Amino acid sequence: MLHAQQLSTSVPNRFEQRDSFRVSSPMLQVEINGQQFATTNWSLNGILVNGLLENAALDKPVKGIFGPNGTSEMCQFNGRIVRIDLKEKQTAIELDGSSREVAALLPLWVLKYNLA
């Protein structure tokens, strides 16, 4: 298992676990509390979004919707913030692993929309 040190200066010495293969295509559009984001990469366990969530804090629960950019296919998700990178202006969110819909749709989207 690979661990990457927290890049945020807000809470030093935190670690994010990376135990799933990351993909960048298709890019997902993400909406959390009315804020729109695009993903840098994602996996079955989490998403890395470009941008900082308002009132973000480590371990804070989040709810939102996401789907392949440019499509109408959207899925609800629950998760928690595991990394805030102030320098790169990115937020890492660990997905709640109990959603069967998320677990089914993410691999399907790779097969259906992968443009790489």
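Here, every reference points to the structure presented above.
1. Overview of the overall build of the protein
When helices and strands are tallied, the protein shows one helix and eight strands. Residue burial in the protein is summarised as follows: out of 116 residues, 39% are buried. In the protein, 52% of the contacts between residues at least 6 apart in sequence involve partners at least 24 apart.

2. Some remarks on the sheet that holds strand 7 (residues 75-85)
The six strands lie next to each other as 3-4-5-8-7-6, forming a closed barrel whose pairing is antiparallel. Ignoring which end each strand starts from, the neighbouring axes of this sheet average 45° apart. For strand 3 (residues 28-32) and strand 4 (residues 35-42), the ladder comprises four bridges, and the chain directions are antiparallel. Residue pairing for strand 4: isoleucine 32 is matched across the bridge by glutamine 35.

3. What to know about helix 1 (residues 100-113)
The end-to-end C-alpha separation of helix 1 is 20 Å, in line with the 20 Å expected for 14 residues at 1.5 Å each. For helix 1, the complete set of buried residues consists of Val102, Leu105, Leu106 and Trp109. Each buried residue of helix 1 sits inside an arc of 105° when the element is viewed along its axis, so together they form one side. Those residues of helix 1 that are exposed and aimed more than 90 degrees away from the buried face are Arg100 and Leu111. Each element contacted by the buried residues of helix 1 is listed here: strand 3, strand 4, strand 6 (61-68), strand 7 and strand 8 (90-95).

Conventions and cut-offs
- Residues numbered from 1 in each chain as written.
- Predicted model: local features only at pLDDT ≥ 70, side-chain atom pairs only at ≥ 80, totals over all residues.
- Heavy atoms only, no water.
- Helix = DSSP H or I, 4+ residues; strand = E, 2+ residues; numbered from the N terminus.
- Buried < 20%, exposed > 50% of the residue type's maximum accessible area, 1.4 Å probe, protein only.
- Contact = heavy atoms within 4.5 Å.
- Pairing = 2+ DSSP bridges.
- Axes fitted to C-alpha atoms, helices over the stretch in contact; angles between N-to-C directions.
- Expected span 1.5 Å × (residues − 1).
- Arc of directions from axis to C-beta.

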